[in-house]
Amino acid sequence: MIFNNVQKQIARRIEEKPKLSNWKDWRWQLKHSIKSLDKFERLTGIKFEEKEKDGLVKTFKKFPLSITPYYLSLINKSNYQNDPVFKQAFGGIGELIVQDYEQKDPLSEEQDSPVEGITHRYPDRVLFHVSNICSMYCRHCTRKRKVGDIDFVPSKEQLSKGIEYIKKTPQVRDVLLSGGDPLMLPDSKIDWLLSEISKIPHVEIIRIGTRMPVVLPYRMTDDLISILKKHQPLWINTHFNHPNEITASSKEALAKLADGGFPLGNQSVLLRDINDCPRIMKSLLHKLIQNRVRPYYLYQCDLSEGLSHFRTPIGKGIEIIESLVGHTTGFARPTYVIDAPGGGGKIPIMPNYIISWSTNKVVLRNYEGIITTYKEPDSYEQILCDRDCENCDLELNLDDADESEAIGIEKLLSDADDTISLVPEDNERLQRRDENA
Ligand SMILES: *Cc1c(COP(=O)(O)O)cnc(C)c1O
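Throughout, a residue's number is its position along its own chain's written sequence, starting from 1. A pLDDT threshold of at least 70 governs which residues receive local features in this predicted model, and a stricter bar of 80 or more applies before side-chain atom pairs are shown or counted, although totals over entire chains, interfaces and linings include all residues. Based on all heavy atoms of the structure, the side-chain values leave hydrogens and waters out of the count.

### A word on the overall build of the chain
Logical step 1: Helix and strand assignments follow DSSP, with helices taken as H or I runs no shorter than four residues and strands as E runs no shorter than two, numbered in order from the N terminus. Broken down by element type, the chain carries 16 helices and 12 strands.
Logical step 2: Over its C-alpha atoms the chain spans a radius of gyration of 24 Å, differing by no more than 12% from the 22 Å that the globule rule assigns to 437 residues.
Logical step 3: If one aligns the C-alpha atoms of the chain with their principal axes, the spans along those axes are about 75 × 50 × 50 Å.
Logical step 4: Classification of residues uses two cut-offs on accessible area relative to the type maximum, computed with a 1.4 Å probe and protein chains only: under 20% is buried, over 50% is exposed, and between them is partly exposed. By the burial criterion, 47% of the 437 residues in the chain qualify as buried.
Logical step 5: Put simply, the chain shows about 23100 Å² of open surface, and 51% of that area lies on carbon and sulfur atoms. Our radius of gyration looks at C-alpha atoms and nothing else; its globule reference is 2.2 Å times the residue count to the power 0.38. For the area figures, the Shrake-Rupley method with a 1.4 Å probe applies, and any residue is considered shielded solely by the protein chains shown.

### Regarding a negative patch on the surface
Logical step 1: The patch calculation keeps residues exceeding 30% relative accessible area without a salt bridge and links them within 9 Å when they carry like charges or within 5 Å when they are nonpolar (Val, Leu, Ile, Met, Phe, Trp, Tyr). The working definition used for a salt bridge is a side-chain nitrogen of Lys or Arg within 4 Å of a carboxyl oxygen of Asp or Glu. Counting rule for charge: Lys and Arg are taken as positive, Asp and Glu as negative, and neither His nor the chain ends is counted. For the purpose of locating charges, the reference atoms are NZ of Lys, CZ of Arg, CG of Asp and CD of Glu. Residues Asp 386, Asp 388, Glu 390 and Asp 415 make up a contiguous surface patch of negative charge.
Logical step 2: Looking at the secondary structure, you find Asp 386 in the loop between strand 12 (371–375) and helix 15 (408–413).
Logical step 3: Its relative accessible area of 55% is what places Asp 386 among the exposed residues.

### Looking at the sheet that holds strand 12
Logical step 1: At least two DSSP bridges between two strands are needed for those strands to be called paired. Ordered by their spatial adjacency, three strands build an open sheet running 10-11-12, and the pairing between neighbours is antiparallel. Each edge of the open sheet is held by one strand with a lone partner, namely strand 10 (354–357) and strand 12. Ignoring strand direction, the axes of neighbouring strands in this sheet form an average angle of 25°.
Logical step 2: The sheet contact formed by strand 11 (residues 361–365) and strand 12 spans five bridges and is antiparallel. What sits directly across from Val 363, in strand 12, is Thr 373. Lines fitted to C-alpha atoms define the axes, with helix axes restricted to the stretch in contact, and inter-axis angles between N-to-C directions lie between 0 and 180 degrees.

### Quick notes on the site of the ligand
Logical step 1: Neighbouring the ligand are the residues Thr 119, Arg 121, Tyr 122, Arg 125, Leu 127, Leu 176, Arg 207, Tyr 296, Tyr 297 and Lys 346.
Logical step 2: Two N or O atoms count as a polar contact when they lie within 3.5 Å, although within protein this holds only if one can serve as hydrogen donor and the other as acceptor, and sequence-adjacent residues are included solely when both atoms are side-chain atoms. At 2.5 Å from an oxygen atom of the ligand is found a side-chain nitrogen or oxygen belonging to Tyr 297.
Logical step 3: Across the complex, the protein chains shield 91% of the 380 Å² of accessible surface that the ligand would expose by itself.
Logical step 4: When residues of the shell around the ligand are traced back to their parent elements, those giving at least two are strand 1 (118–122), strand 2 (125–129) and strand 7 (293–299). By convention in this text, a residue qualifies as near a molecule or strand provided that one of its non-hydrogen atoms is within 4 Å of it.

### What to know about the sheet that holds strand 2
Adjacent strands of a sheet pair through backbone hydrogen bonds, lying either parallel or antiparallel.
Logical step 1: The strand order across the open sheet built from nine strands is 1-2-3-4-5-6-7-8-9, with neighbouring strands paired in mixed fashion. At either end of the open sheet lies a strand with only one pairing partner, and these are strand 1 and strand 9 (345–348). Between one strand axis and the next, the sheet turns by 30° as a mean value, whatever way the strands run.
Logical step 2: One ladder, built from four bridges, connects strand 8 (residues 335–340) with strand 9; its direction is antiparallel. Note on strand 9: the bridge partner recorded for Val 337 is Pro 348.

### Focus: the domain arrangement of the chain
Logical step 1: When the domains of the chain are assigned, the result is domain 1 (5–96), domain 2 (118–348) and domain 3 (389–397 + 405–436).
Logical step 2: Note on contacts: a residue pair is in contact if any heavy atoms of the two residues lie within 4.5 Å. Opposite the 26 residues of domain 1 that make contact, domain 2 presents 34 residues.
Logical step 3: For the pair domain 1 and domain 2, the summed buried area comes to about 2600 Å², and 61% of that belongs to carbon and sulfur atoms.
Logical step 4: For any pair of parts, buried area is found by adding up, for both, the accessible area (1.4 Å probe) each one loses once the two are put together. By the criterion of area lost to domain 2, the three top residues of domain 1 are Trp 26, Phe 63 and Gln 88, representing 30% of everything that side buries.
Logical step 5: Across the contact surface, domain 1 and domain 2 share three salt bridges.
Logical step 6: A salt bridge links Lys 144 to Glu 95, with the shortest nitrogen-to-oxygen separation between them at 3.1 Å.
Logical step 7: On the surface where domain 1 and domain 2 come into contact, there are 14 residue pairs in polar contact (both at pLDDT 80 or more). Where each domain begins and ends is defined by an automated method or by a domain database.

### Focus on the pattern of salt bridges
Logical step 1: Following the criterion strictly, the structure yields 29 salt bridges and no others.
Logical step 2: The partner of Asp 174 in a salt bridge is Arg 207, with the nearest N and O atoms 2.9 Å apart. With Asp 174 in strand 3 (residues 174–178) and Arg 207 in strand 4 (residues 205–209), this residue pair connects regions lying 33 residues apart in the sequence. For the pair shown, Asp 174 and Arg 207 are each scored as buried.
Logical step 3: When salt bridges that share partners are traced, they join Asp 105, Glu 109, Glu 110, Arg 143, Arg 145 and Lys 146 into one network.

### A few points about the environment of Ile 163
Logical step 1: By the element assignment, Ile 163 lies in helix 8 (residues 156–167).
Logical step 2: Overall, the relative accessible area of 3% leaves Ile 163 in the buried class.
Logical step 3: Measuring from C-alpha to C-alpha, the distance between Ile 163 and Gly 330 comes to 37 Å, with 167 residues separating the pair along the chain.

### Details of helix 16 (residues 428–436)
Logical step 1: With zero of its nine residues buried, helix 16 lies for the most part at the surface.
Logical step 2: Its side-chain oxygen 3.0 Å from the backbone nitrogen of Arg 429, Asn 427 forms the N-cap of helix 16.

### Details of the environment of Phe 86
Logical step 1: Considering the arrangement of structural elements, one finds Phe 86 in helix 7 (residues 84–89).
Logical step 2: The exposure class of Phe 86 is buried, given its relative accessible area of 7%.
Logical step 3: Distance in space between the C-alpha atoms of Phe 86 and Ile 75 is 5.8 Å, their sequence separation being 11 residues.
Logical step 4: Sequence-distant contacts of Phe 86, defined by excluding residues within four places in its chain, comprise Phe 40, Phe 48, Ile 75, Tyr 80, Gln 81 and Gly 91.

### Brief notes about the packing of aromatic side chains
Logical step 1: Two rings from Phe, Tyr or Trp (for Trp, the six-membered ring) form a pair when their centres sit within 6.5 Å of each other. Planes less than 30 degrees apart are called stacked, planes more than 60 degrees apart edge-to-face, and all others tilted. Taken as a whole and assessed by the stated rule, the structure comprises 14 aromatic pairs.
Logical step 2: Here the aromatic rings of Phe 48 and Phe 90 are separated by 5.1 Å at their centres, their planes lie at 5°, and the arrangement is stacked. Note that Phe 48 is positioned in the loop between helix 4 (37–44) and helix 5 (50–62) and Phe 90 in the loop between helix 7 and strand 1, a separation of 42 residues in sequence. Per residue, the accessibility class of Phe 48 equals that of Phe 90, and both read buried.
Logical step 3: Arranged with centres 4.0 Å apart and planes meeting at 35°, the rings of Tyr 296 and Tyr 297 form a pair that is tilted.
Logical step 4: For Tyr 296, a relative accessible area of 29% puts it in the partly exposed group.
Logical step 5: Judged by relative accessible area, Tyr 297 falls into the buried class, the value being 17%.

And the structure:
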């Protein structure tokens, strides 16, 4: 139910006569967001001890507090210390501990940034940071260095730098709007931005990464949906981490998006004491697919500063994936990834299913532990590919062909490339060869 008793109580502490129409107004929610410890205490009735408060004030000085009244209403006050929403939104002094292996920018997003706002990491797609603000600041944010420190909404001039870069970079076929939360921009600016990007002939798809369906579902207004609809194909990814976040309001927001025709995905972060449990994760994934959201990624928590209390070993992620493969709907299973420190991009991680291999048989195991064999073809006439597609028997319409050069491991596998090894730049043995030559 939207506007349940907890929500009414919070609304009553904000204004004398609580109105459902206000509660469901995303601007009202933003205006009354909880940005101080005092307000948090006043609206929830939770009281912290004086000595706890010092640490919390320090924490919020380092990374601001901001919780929408809606998201606040999901906290179970009688057991708030263990509450997954409380832990994601309110945090604690654990954030002040910085390990020596943690970094401000572990994914080197700034180093892979050709112009302000753009991270160009992969060959054919870019990440475009179009906002530094969010309606709720996730304590596990990977971009704490950028997000939340100033209430900064980039101007058209600033956004134009990113747009210009995309225009002059023809290999970019996929633009991912992120931030901060892109849906913090006013409708008119979202419309302008999407129009400018859609106009670029080589851009095939646009994606938006937003946590609004989770933390401020009322942002999905009819006006916003009709603006977004003008810019198909548009893919939307959101960020649910726990089944408690799936509520009447968030379901309604997801239904509006799905009915609007946007393919929906979800990216979760594996978080200690929040969702590091196969049963919690499965319950979340089932709820997502019931709401037409396809689980996309499950992230291993990045090595950003102050997140050590959120991290699990990688084994926990593998254990969760093990509990999903075969056990539940294939498309309910996200790809578990580690975003490579230093900027290598996302690396998928799976349990091992191949047990052994001979020249004509593969030994595999299934989710039940059954060990089975797959007999490979006795003969396979290899098509040696010289990239002369015109004279190949396979039918490829050359207008649709991918023109990019093979890179990395793909290049080692390619018949059309003579490279036999990839060698680290500072290989000492090869340096010695040069010296001795
Ligand atoms: C995650 C990410 C993307 C998109 O990656 P996909 O695997 O295509 O979803 C693009 N650029 C950067 C920098 C990213 O971190």
